[in-house]
Amino acid sequence: MKFTTEKNGEELIVRLSGELNTLTAPELNDLLSENLSGVKDLKLDFAECEYVSSAGIRVLLATYKQMKEEGGTMKLTNVGDFFKKVLKDTCLDVVFEIE
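Cut-offs applied
In every chain, residue numbers begin from 1 and rise along the written sequence. Totals for whole chains, interfaces and linings use every residue, but because this is a predicted model, local features are given only for residues with pLDDT of at least 70 and side-chain atom pairs only at 80 or more, for both listing and counting. Side-chain calculation: all heavy atoms of the structure are included, whereas hydrogens and water are not. Starting at the N terminus, helices and strands are each numbered in turn, a helix being any DSSP run of H or I of at least four residues and a strand any DSSP run of E of at least two. The buried label applies to any residue whose accessible area, calculated with a 1.4 Å probe on protein chains only, is under 20% of its type's maximum; exposed applies above 50%, and partly exposed to all values in between. Two residues qualify as a contact provided that any one of their heavy atoms is within 4.5 Å of a heavy atom in the partner residue. Helix span, expected: 1.5 Å multiplied by one less than the number of residues in the helix. Between N-to-C directions, angles span 0 to 180 degrees; the directions come from axes that are lines fitted to C-alpha atoms, helices contributing only their stretch in contact. Each angle is binned into one of four classes, with values under 35 degrees roughly parallel, values over 145 roughly antiparallel, values of 65 to 115 roughly perpendicular, and all other values oblique. By definition, turning the near helix anticlockwise from the far helix through less than a right angle yields a left-handed crossing, and turning it clockwise yields a right-handed one. The rule for a salt bridge is simple: a side-chain nitrogen of Lys or Arg has to be within 4 Å of a carboxyl oxygen of Asp or Glu. Paired strands, in this sense, are two strands between which DSSP finds at least two bridges. Think of it like this: strands point away, you trace from the first strand over the helix to the second, and a clockwise trace means the crossover is right-handed.

**So, the environment of Leu42**
Here Leu42 lies in strand β3 (residues 41-52). Its relative accessible area of 1% is what places Leu42 among the buried residues. Measuring from C-alpha to C-alpha, the distance between Leu42 and Thr73 comes to 6.1 Å, with 31 residues separating the pair along the chain. Discounting residues that sit within four places of it in the chain, Leu42 has contacts with Leu12, Val14, Leu32, Leu36, Thr63, Met67, Thr73, Met74 and Lys75.

**Here we look at helix α2 (residues 54-69)**
Residues spaced three or four apart along an α-helix point in a common direction, a consequence of the helix completing one turn every 3.6 residues. The terminal C-alpha atoms of α2 lie 22 Å apart, and with 16 residues this matches the ideal 22 Å at 1.5 Å per residue to within 8%. Among all positions in α2, only Ala55, Gly56, Ile57, Val59, Leu60, Thr63 and Met67 are buried. In the stretch just after α2, Gly71 is the one whose phi turns positive, near 80 degrees.

**Focus: the packing of helix α1 (residues 25-35) against α2**
Relative orientation of the contacting elements α1 and α2 amounts to 20 degrees, with a least axis distance of 8 Å. Judged by the angle between their axes, α1 and α2 are roughly parallel. Where α1 crosses over α2, the handedness of that crossing is right-handed. Along the contact surface, α1 presents Ala25, Leu28, Asn29 and Leu32, while α2 presents Ala55, Gly56, Val59, Leu60 and Thr63.

**Quick look at the pattern of salt bridges**
Within this structure, the stated rule accounts for 6 salt bridges. The residue Glu97 makes a salt bridge to Lys75 at a minimum N-O spacing of 3.9 Å. Note that Glu97 is positioned in strand β5 (residues 97-98) and Lys75 in strand β4 (residues 73-77), a separation of 22 residues in sequence. Across the pair Glu99 and Lys75 runs a salt bridge whose closest N-O atoms are separated by 3.7 Å. One end of the pair, Glu99, is in the segment after β5; the other, Lys75, is in strand β4, with 24 residues separating them in the sequence. Exposure remark for Glu99: the relative accessible area of 48% places this residue in the partly exposed category.

**Re the pairing of β3**
Here strand β2 (residues 11-20) runs beside β3; their pairing, made up of 9 bridges, is parallel. In the strand pairing of β3, Glu11 is matched with Asp41. The handedness of the β2 to β3 crossover, carried by α1, is right-handed. Alignment of β3 against β4, held across 5 bridges, turns out to be parallel. Considered in β4, the bridge of Asp45 is made with Thr77. This β-α-β element, β3 to α2 to β4, shows right-handed connectivity.

In structure tokens, the structure reads:
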């Protein structure tokens, strides 16, 4: 998995490429922990993400909770059909803002 970040003031965009799974979810968690200070708007771009496991979803949920507690927002962008179906099947499509 490869992550690229772009920070514009209080906005952070993280682009994910590859698979977000048990091995790579901790890397995303660490990256977010290191970069969320001062961020009010977080966008996670899944355009090049091929797969998301339950470990990846746990990181997304924890990050969503943190952003909400701090008065920020978190959006999932360019979500593929498979991941959309997973989010819908788990009712997380009503939790996350999906663009």
